[in-house]
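Here's the letter readout for the chains.
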Amino acid sequence: MPILEVKNLKKSFGASRVLEDISLTMEKGEVLVILGSSGSGKTTLLRCLNSLETPDEGSAAVDGEYIFGGPQGPDSGARFKLGLVFQQFNLFPQYTALGNVELAPNMMAKKLPDYRQHRRDILQRNRAKALELLGEVGLADRADFYPHQLSGGQQQRVAIARALALDPQILCFDEPTSALDPELTGEVLRVIRELKTRGRTMIVVTHELEFARGIADRVIFMDGGVIAEQGAPEQVFGNPSNQRTRAFFSSYRR
Amino acid sequence: MSLDFFLEVTLKLLKGFSFTAEIFFVTLLFSLPLGLVVMLGSRSRFRPVALLTRAFVWVIRGTPLMLQIFIVFYGPGLLWESTMLPRMTAVLVAFVINYARYFSEIYRGGIEAIPRGQQEAAQVLGMSRAGTFFKVTLLQVVKRILPAMGNEIITLAKDTALANTIAIKEVTMAAKEFIATEAVLWPLF
Ligand SMILES: Nc1ncnc2c1ncn2[C@@H]1O[C@H](COP(=O)(O)OP(=O)(O)O)[C@@H](O)[C@H]1O
Ligand SMILES: [Mg+2]
C-alpha cells in the first residue's frame, strides 16, 4: 500500500485555478522532489496536504487513512501524520530551541488518559526526545538559545527538529533554504540528506537543483497547477521530455 | 488667609481628586475586559457580529468623548423622558465605552502584528486554537501592546478632566470654583 495517495486534487482561489487535477502516489521511504517555477502551485499543494488549505475536490490518504475527501468526512486525525517545514521557519520567538521542539508534544500529552499520574515521566521523556532531535540536527549545544540568538540556518534546523518531534510519517519541506543567505543553505541541506539516509519519507520543494538531483528518488515537475512531467531524477534532469521542463532548467543553468 | 480657609480648600480639592480617581479606576476596571470582548467581536467569523462591532467602533471613534458624555447624560431623558442618569454614572458609562474601543483596537493591532506563520506552524503541529492562543500568541501580544497601553492610560488620566463638562466636581472644577468665588489663583497650582 502506498504511504501517500492523492487523487484528482483541485484547488482554486476565487477565479484562479491553482491546482488542476493533481494525482500522485508515494511509497514508504521515498523522497519526492517537486520542481516548478514560481506560481506553479507547489506551496498550495503542500498546504492542502497539511490541511492549511481546504481543497475543492479530490482526496488524499496517508497510510490508508484519509486526510480529506474520504468517506468518513474531514479530520480523522490522519493529518497529523504529515509534518511541514516552512520557508520562513515560523519558530515561536518566546521559546528556546528546546521549548520550540517540545511544546507540541507536551500539549498533546495532556490528552493522554494517564497524563496526571505520569506527568513527570511523560515530560521527561518528551524532553529527552527533543534533546535527541536537536542533536540530530547538530544543535545539541544550542538547546537553550532563543530563535533571535540563532542564525537563519540554525533556526531552520530547529524547525526541522520541531517537525520531527511528532513522528510524522511524511515530512514536507517548502523551499527550506529560500529564505537563507547562500552560505547558510549547506547546513540545512546536509540535515535533509541525513534524514534520507535514515529512511525518512519526504516531499521536498526546492530550487536547489544539484541538491534535488542528489536526494530525489522521484521528481515531479509542476507547471500551471498540473504535473507536467515526472520520473526518475536521471530522466527528468538528464533528458526532460516536456518543453516547459527544459525551459525551466535552461533558465536555472546559466 | 487663615489656616481654616486653607484646610477647607484643600479638603474640597481632595474631594474633587477622589472623583477623578474614581473615574480613572472604574474606567480601567471595566474598559480593559470590555475592550477584549469588542476585539473578539470584530474578529468574529460570524459576519453579523463582526460588522456590528466594527460599526460600533467606527461610530465611537468618529465622535468626541465630550459629545458621548452629553449623549449618555441627556440622551435617555430626551428620548424616553426617563429620569436622567446620575451624573457620575453617565460619565462612567461614556468613559468605559470610549476606552473599551481604544483598548480593543490596541489588542487587535497586537494580535494582527504577529506573523500568521506561527499560527500555521502550530496548526500543523496539531495544537488546538485555544492552546495556540495561550501558549504562543498571548505573551507576544502582551509584550507588543504594553507601550501603547501605557500611553492610553496616561491619556485617560488627562481625559478625566473632561468630566467637569457636566459638572462632576473633580479637581480642576473644584479649583475653578474657588477661583471664581474667592478670587484667588493658588488652588490651581
Ligand atoms: N491564499 C491565496 N489567495 C489567492 N491566490 C493565491 C493564494 N495562495 C496562492 N495563490 C496563487 O496561487 C498560485 C500558486 O501559488 P503557490 O502555490 O504559492 O505557487 P509556488 O509555491 O509554486 O510558487 C499563484 O498564482 C498565487 O498567486
Ligand atoms: Mg512556494
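Here goes a summary of the coordinates provided. Small disclaimer: the values here were computed from a predicted structure and weren't measured.

## Quick word on the overall build of chain A
Step number 1: Summing up its helical and strand segments, chain A has 8 helices and 10 strands in all.
Step number 2: Taken against the 2.2 N^0.38 rule, which gives 18 Å for 254 residues, the C-alpha radius of gyration of chain A at 19 Å falls within 12% of a compact globule.
Step number 3: Counting only C-alpha atoms and orienting by the principal axes, one finds that chain A spans roughly 60 × 45 × 35 Å.
Step number 4: Each of the 254 residues in chain A was classed as buried or not, and the buried ones make up 53%.
Step number 5: In chain A, 65% of the contacts between residues at least 6 apart in sequence involve partners at least 24 apart.
Step number 6: One finds the centroid of the 31 positive side-chain charges in chain A at a distance of 2 Å from the centroid of its 31 negative side-chain charges.

## Considering the interface of chain A and chain B
Step number 1: With 25 residues of chain A at the interface, the matching set in chain B holds 16 residues.
Step number 2: A buried area of about 1600 Å², summed over both sides, lies between chain A and chain B, and 67% of it is on carbon and sulfur atoms.
Step number 3: If you sort the residues of chain A by the area they bury against chain B, Phe 92, Gln 94 and Met 107 of chain A come out on top, with a joint share of 30%.
Step number 4: Residue Glu 120 of chain B is joined to Arg 47 of chain A by a salt bridge in which the shortest nitrogen-to-oxygen separation is 2.9 Å.

## Describing the side chain of Asp 174 of chain A
Residue and element names in this part refer to chain A.
Step number 1: Within the fold, Asp 174 resides in strand E7 (residues 170-174).
Step number 2: For the buried residue Asp 174, which engages in no salt bridge, the nearest side chain bearing the opposite charge is Lys 42, 6.8 Å off.
Step number 3: A polar contact of 2.9 Å, which involves the side chain of Asp 174, links it to the side chain of Thr 43.
Step number 4: Discounting residues that sit within four places of it in the chain, Asp 174 has contacts with Thr 43, Leu 46, Val 85, Phe 86, Gln 87 and Val 205.

## Observations regarding empty space enclosed by the protein
Any empty space left between the atoms is revealed when a probe the size of a water molecule rolls over them.
Step number 1: As enumerated under the stated definition, the model contains 3 cavities of 30 Å³ or more in all.
Step number 2: When its volume is computed, the largest cavity comes out at roughly 60 Å³.
Step number 3: Leu 84, Val 85, Phe 86, Phe 89, Ala 159, Arg 162 and Ala 163 of chain A together with Ala 121, Val 124 and Leu 125 of chain B are the residues that line the largest cavity.
Step number 4: Only strand E6 (82-85) and helix H4 (152-164) of chain A together with helix H5 (116-124) of chain B provide two or more residues apiece to the lining of the largest cavity.
Step number 5: Tallying contributions element by element places H4 of chain A first for the lining of the largest cavity, with 3 residues.
Step number 6: When the residues that make up the lining of the largest cavity are grouped by side-chain class, the tally is 9 nonpolar, no polar and 1 charged.

## Regarding the site of ligand 1
Residue and element names in this part refer to chain A.
Step number 1: In the region of ligand 1, the neighbouring residues are Phe 13, Val 18, Ser 37, Ser 38, Gly 39, Ser 40, Gly 41, Lys 42, Thr 43 and Thr 44.
Step number 2: At 2.6 Å from an oxygen atom of ligand 1 is found a side-chain nitrogen or oxygen belonging to Thr 43.
Step number 3: Measuring from an oxygen atom of ligand 1, one finds a side-chain N or O atom of Thr 44 at 2.5 Å.
Step number 4: By residue number, the principal contributor to the shell around ligand 1 is helix H1 (residues 42-49), which donates 3 residues.
Step number 5: Along the lines of polarity and charge, the residues of the shell around ligand 1 split into 2 nonpolar, 7 polar and 1 charged.

What counts and how
Residues numbered from 1 in each chain as written. Chains lettered and ligands numbered in written order. Predicted model: local features only at pLDDT ≥ 70, side-chain atom pairs only at ≥ 80, totals over all residues. Heavy atoms only, no water. Helix = DSSP H or I, 4+ residues; strand = E, 2+ residues; numbered from the N terminus. Rg over C-alpha atoms; globule rule 2.2 N^0.38 Å. Buried < 20%, exposed > 50% of the residue type's maximum accessible area, 1.4 Å probe, protein only. Contact = heavy atoms within 4.5 Å. Lys, Arg positive; Asp, Glu negative; His and termini not counted. Charge placed at Lys NZ, Arg CZ, Asp CG, Glu CD. Buried area = accessible area lost by both parts, 1.4 Å probe. Salt bridge = Lys/Arg side-chain N within 4 Å of Asp/Glu carboxyl O. Polar contact = N/O pair within 3.5 Å; in protein donor to acceptor, adjacent residues only side chain to side chain. 1 Å grid on protein atoms, 1.4 Å probe; cavity = no way out; pocket = protein on both sides within 12 Å on 5 of 7 lines; lining within 4 Å. Points joined across faces, edges and corners; volume = space filled by probe spheres on them. Nonpolar A, V, L, I, M, F, W, Y, C, P; charged D, E, K, R; others polar. Near = heavy atom within 4 Å.

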